[in-house]
Amino acid sequence: MSGTHVKILRSCSLFNVSSDNKIFGNVSHQLIVDEGISSNPAHNILVGETIFIEGVHKITSDTRGPWLGVKGHWISKTGGQINFVYCWSKGSKLLIAPWETDSYPETRTFNDLP
């Protein structure tokens, strides 16, 4: 999955964050699947748009326990590259990512990934 372009299948929002760490580098936004979030996003990514997945990382040194993080970027219509991180799991349980169809089983863990 790393180093690939993927098409968004459910609308997402990018929210401002400030992160500069060893795993993700300089990340300015967090990607969140839209589920009635009330706060104002910095950007919206619509169904059919494309994002680039730079890497998928299993994080083990976090107070939340292990989780899977995806680093990527999106090119906005104004031409700017926006770096983001997406939290693909809640603990070890994989969430359905915005580039996946609804047919993925809800019982997957990050150990099920190839």
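Residues numbered from 1 in each chain as written. Predicted model: local features only at pLDDT ≥ 70, side-chain atom pairs only at ≥ 80, totals over all residues. Heavy atoms only, no water.

**Examining the overall build of the chain**
Helix and strand content of the chain: zero helices and nine strands. Taken from the N to the C terminus, the helices and strands of the chain come in the order β-β-β-β-β-β-β-β-β. Counting over 114 residues, the chain shows a buried share of 39%. Partitioning the intrachain contacts of the chain with sequence separation of at least 6 by distance along the chain shows that 51% fall at a separation of at least 24. Summed over its atoms, the accessible surface of the chain is roughly 6,700 Å², and 50% of this surface lies on carbon and sulfur atoms. (Helix = DSSP H or I, 4+ residues; strand = E, 2+ residues; numbered from the N terminus. Buried < 20%, exposed > 50% of the residue type's maximum accessible area, 1.4 Å probe, protein only. Contact = heavy atoms within 4.5 Å. Areas by Shrake-Rupley, 256 points an atom, 1.4 Å probe, with all protein chains shown as cover.)

**What about the confidence of the model for the chain?**
On average, residues of the chain carry a pLDDT of 83, and 88% of them reach 70 or more. Mean pLDDT in the chain bottoms out at strand β2 (residues 12-21), which sits at 77, and peaks at strand β1 (residues 4-7), which reaches 95. (pLDDT = per-residue confidence, 0-100.)

**Structural notes on the packing of aromatic side chains**
Considering all chains together, one arrives at two aromatic pairs under this definition. With a centroid separation of 5.5 Å and an interplanar angle of 70°, the aromatic rings of Tyr 86 and Trp 99 are classed as edge-to-face. Here Tyr 86, found in strand β7 (residues 81-87), pairs with Trp 99, found in the segment after β9 (93-94); they are 13 residues apart in sequence, far enough to count as distant. In this structure Tyr 86 comes out as buried when scored by relative accessible area, which is 4%. When the ring of Trp 88 is compared with that of Trp 99, the centres are 5.5 Å apart and the planes differ by 70°; the resulting orientation is edge-to-face. (Phe/Tyr/Trp six-rings, centres within 6.5 Å; stacked < 30°, edge-to-face > 60°.)

**Things to note about the nonpolar core**
Leu 31, Ile 45, Ile 51, Tyr 86, Trp 88 and Trp 99 are the most contacted members of the largest nonpolar core, which has 20 residues in total. Breaking this core down by element, the ones donating at least two residues are β2, β3 (25-33), β5 (50-59), β6 (67-75) and β7. The contacts of Leu 31, once residues within four sequence positions are left out, are Cys 12, Ser 13, Leu 14, Ile 45, Ile 51, Phe 84, Val 85, Tyr 86 and Pro 98. In this structure, Phe 24, Val 27, Ile 59 and Val 85 belong to the second largest nonpolar core, which totals five residues. (Core = buried A, V, L, I, M, F, W, Y, C linked by side-chain atoms within 4.5 Å.)

**What to know about the pattern of salt bridges**
Within the structure shown, the criterion is met by three salt bridges. Across the pair Glu 54 and Lys 71 runs a salt bridge, and its minimum N-O distance is 3.8 Å. Placement of Glu 54 in strand β5 and of Lys 71 in strand β6 is noted, with a sequence separation of 17 residues between them. Judged by its relative accessible area of 15%, Lys 71 is buried. (Salt bridge = Lys/Arg side-chain N within 4 Å of Asp/Glu carboxyl O.)

**Let's talk about the pairing of β6**
With eight of its nine residues buried, β6 lies for the most part within the structure. When β5 meets β6, the two strands line up antiparallel, connected through seven bridges. Residue pairing for β6: Phe 52 is matched across the bridge by His 73. With seven bridges joining them, β6 and β7 adopt antiparallel strand pairing. Across the sheet, residue Val 70 finds its bridge partner in β7, namely Tyr 86. (Pairing = 2+ DSSP bridges.)

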